[in-house]
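# Structural description and commentary
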Amino acid sequence: MKRVVSISIGSSRRNHRVETNILGQDIIIERIGTDGDKKKAIQLIKDMDGKVDAFGLGGIDIYLRCKDKRYIIKDSIPLKQAASKTPILDGTFLKDTLERRIIRLINREDIVSLKNKKVLITSALDRYGMANAFEEHGSCIIYGDIIFALGIPLEIKSYNTLYNIARIIAPLILKLPFHMLYPTGKSQDAVPNNKFNRFFQEADIIAGDYLYIKKYMPETMEGKIIITNTITSSDIEDLAKRGVKLLVTTTPEFNGRSFGTNVIEAAIVALSGRNPENMESKDFEKLLDELEFRPRIEYLSGRNNTSSSNNIILEGDRRVSG
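Residues numbered from 1 in each chain as written. Predicted model: local features only at pLDDT ≥ 70, side-chain atom pairs only at ≥ 80, totals over all residues. Heavy atoms only, no water.

### Section: the overall build of the chain
Stated formally: Strands here mean DSSP runs of E at least two residues long; helices mean DSSP runs of H or I at least four residues long; both are numbered from the N terminus. Each residue gets one of three labels from its accessible area relative to the maximum for its type: buried under 20%, exposed over 50%, partly exposed in between, using a 1.4 Å probe on protein chains only. Residue contacts are defined here by distance: any two heavy atoms, one from each residue, within 4.5 Å place the two residues in contact. Reported accessibility uses the Shrake-Rupley method at a 1.4 Å probe radius. Residues are deemed covered only where the shown protein chains occlude them.
Each helix and strand counted, the chain has 12 helices and 17 strands in total. Put simply, the chain has 322 residues, and 55% of those count as buried. Excluding contacts between residues fewer than 6 apart, the proportion of contacts in the chain whose partners are at least 24 apart in sequence is 63%. Here the chain displays about 14,100 Å² of accessible surface, and carbon together with sulfur accounts for 46% of that area.

And the structure:
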């Protein structure tokens, strides 16, 4: 049986473990959070190195990409280097392949019409494929990288502008402790900060990293569409209470949980048996064709006002009672 473990510097409250079968192979997929303790994360990686088929690295990225530029996050280096035998993945390839595919799919299948929709992307440097796909379909985008990572309410409406800003400031900012840029450890469970409410209120679609969304979203999210991943069942209940209309997760659901891209990327590598150092985006595209992953699409409107038997979940091209 294959085993994939995501070691995350995020909250341990979001831990999850499933046993499933993909393409005829049994696989254990597990997420272990260390509540911001990087030393503990490094030790866990060292302890399991060579004993699991692939690691996911959660709560922090190894790389951020902006068009032709790739930036390394300094704080991630000791974590990546802790594994000498087992490959360790941060989800970079899937953010450029799977997430791009999912945005195209929901538009093509009329799940969400994207033309002229107002879209708030919490971090486009973290999700180049998603941002590019929204642009392809004529969405009106606010790139929230400066807003959410630096706390500066600066609207960026062009990816080219974001690219030019990133070329100047990214090499400096990414040397800062990662917790200054992104919720880690117990800060992932902190009370939401509402200082950027207007950006949410003005958007039709809020897309990107869920922890940024969770940290800053208003109490009222009536009629909004959320496109994200790393969603738990309690997150879904919270979104329903806030009035969210539709939830799309770019990674598939396993036992009520949509894992992060790092976990799914690690699972793909484990199942393929290939060395990720020799893989490119086109290789992941071929594997995704074979896997035929579908997004999780769940309509939340009215969820709290009806019995659970009346909830509707769209799975692929069929509707089933939830």
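Structure's up, so let's keep going.
### With respect to the pattern of salt bridges
Note the following rule: Salt bridge, as applied in this entry: a Lys or Arg side-chain nitrogen positioned within 4 Å of an Asp or Glu carboxyl oxygen.
Considering all chains together, one arrives at 23 salt bridges under this definition. Here aspartate 283 ties to arginine 274 by a salt bridge, and the two come within 3.7 Å at their closest N and O atoms. A relative accessible area of 10% means that aspartate 283 is categorised as buried. Residues joined in a network through salt bridges with shared partners are Asp61, Lys95, Glu99, Asp126 and Arg127.

### Topic: the environment of proline 276
Positionally, proline 276 belongs in the loop between α11 (261-272) and α12 (281-291). Between the C-alpha atoms of proline 276 and phenylalanine 93, which are 183 residues apart in sequence, the distance is 9.9 Å.

### Some points on helix α10 (residues 233-241)
Every α-helix carries 3.6 residues per turn, so stepping three or four residues along brings you back to the same face. For clarity, the cut-off: Picture the helix axis, draw a direction to every C-beta atom, and the arc is the one those directions span.
Among the residues making up α10, those that are buried are Asp235, Ile236, Leu239 and Ala240. Projected down its long axis, α10 carries its buried residues within an arc of 135 degrees, all on one side. Looking at α10, the residues exposed on the side facing more than 90 degrees away from the buried face are Ser234 and Lys241. As for α10, its buried residues are in contact with α9 (210-216), β11 (225-228), β12 (246-249) and β15 (296-299).

### Some thoughts on the pairing of strand β1 (residues 2-8)
Cut-off, in case you're wondering: Between any two strands, pairing holds if DSSP finds at least two bridges.
Among the seven residues of β1, five are classified as buried, and the element is accordingly described as predominantly covered. Looking at chain direction, β1 and strand β3 (residues 25-33) are connected through seven bridges and run parallel. The partner of valine 4 across the bridge, within β3, is isoleucine 29. Pairing between β1 and strand β4 (residues 54-58): five bridges, direction parallel. Its bridge partner being in β4, valine 4 is matched across the sheet by alanine 54.

### Description of the packing of aromatic side chains
Formally: Aromatic contacts are taken between Phe, Tyr and Trp rings whose centres are within 6.5 Å, Trp giving its six-membered ring; a plane angle under 30 degrees counts as stacked, one over 60 as edge-to-face, and the others as tilted. Criterion for a charge above a ring: Lys NZ or Arg CZ within 6 Å of the ring centre, and within 35 degrees of the ring normal.
In the structure shown here, the tally under the stated rule is 10 aromatic pairs. Ring geometry for phenylalanine 148 versus tyrosine 212: centroids 6.1 Å apart, planes at 35 degrees, classification tilted. Note that phenylalanine 148 is positioned in helix α6 (residues 145-150) and tyrosine 212 in helix α9, a separation of 64 residues in sequence. On the basis of relative accessible area, tyrosine 212 is assigned to the buried category, the value being 6%. Aromatic rings pair up to connect Phe148, Phe196, Phe199, Phe200, Tyr212 and Tyr216 into one cluster. A cation over an aromatic ring shows up here: arginine 70 above the ring of tyrosine 63, its NZ or CZ 3.8 Å from the ring centre. One cation-aromatic arrangement involves arginine 198 over phenylalanine 199; the distance from NZ or CZ to the ring centre is 4.2 Å.

### Quick notes on the side chain of lysine 95
Among the secondary structure elements, lysine 95 is positioned in helix α3 (residues 92-96). With sequence-adjacent residues up to four places away left out, lysine 95 is seen in contact with Asp61, Asp90, Arg100, Asp126, Arg127, Gly129, Met130 and Thr261.

### Some details on the confidence of the model for the chain
Rule in force here: In predicted models, pLDDT denotes the confidence assigned by the predictor to each residue on a 0 to 100 scale.
Confidence along the chain averages 87 in pLDDT terms, with 89% of residues attaining 70 or more. By mean pLDDT, strand β17 (residues 318-321) is the weakest element of the chain at 31, and strand β10 (residues 205-207) is the strongest at 98. Here residues 305-322 scores under 50 on pLDDT; set against residues more than four positions off or in separate chains, the count is 27 contacts.

### Some words on the packing of α11 against α12
A pair of packed helices is characterised by two quantities: the angle between their axes and the separation of those axes. So the rule is basically this: Axis definition: a line fit to C-alpha positions, over the contact stretch in the case of helices; interaxial angles, taken between N-to-C directions, run 0 to 180 degrees. By the definition adopted for this analysis, an angle is roughly parallel if under 35 degrees, roughly antiparallel if over 145, roughly perpendicular if from 65 to 115, and oblique otherwise. Amino acids are sorted into nonpolar (Ala, Val, Leu, Ile, Met, Phe, Trp, Tyr, Cys and Pro), charged (Asp, Glu, Lys and Arg) and polar (every other residue, Gly among them).
With their axes 11 Å apart at the nearest point, α11 and α12 run at an angle of 85 degrees to one another. When the axis of α11 is compared with that of α12, the two are roughly perpendicular. Within the contact between the two elements, α11 uses Glu265, Ile268, Val269 and Ser272 and α12 uses Phe284, Leu287, Leu288 and Leu291. Among the residues forming the contact of α11 with α12, the class breakdown is six nonpolar, one polar and one charged.

### Re the packing of helix α4 (residues 98-108) against helix α5 (residues 128-136)
So the rule is basically this: Should the near helix be turned counterclockwise from the far one by less than a right angle, the crossing is left-handed, whereas a clockwise turn marks it as right-handed.
The interhelical angle for the contact between α4 and α5, taken along N-to-C directions, is 25 degrees, at an axis separation of 7 Å. As the angle between them shows, α4 and α5 are arranged roughly parallel. The crossing of α4 and α5 is right-handed. Residues Glu99, Arg100, Ile103 and Arg104 of α4 form the contact with α5, whose own contacting residues are Tyr128, Gly129, Met130, Asn132, Ala133, Phe134 and Glu136. A class-by-class count of the residues in the contact of α4 with α5 yields five nonpolar, two polar and four charged.

### Some thoughts on a nonpolar patch on the surface
Here is the rule we go by: Patches were defined on residues exceeding 30% relative accessible area and lacking a salt bridge, with like-charge contacts within 9 Å and nonpolar side-chain contacts (Val, Leu, Ile, Met, Phe, Trp, Tyr) within 5 Å.
A cluster of nonpolar side chains, contributed by Leu150, Ile152 and Leu154, occupies part of the molecular surface with about 230 Å² of accessible area. One can find leucine 150 in helix α6. Taking the relative accessible area as the measure of exposure, leucine 150 reaches 32% and is therefore partly exposed.

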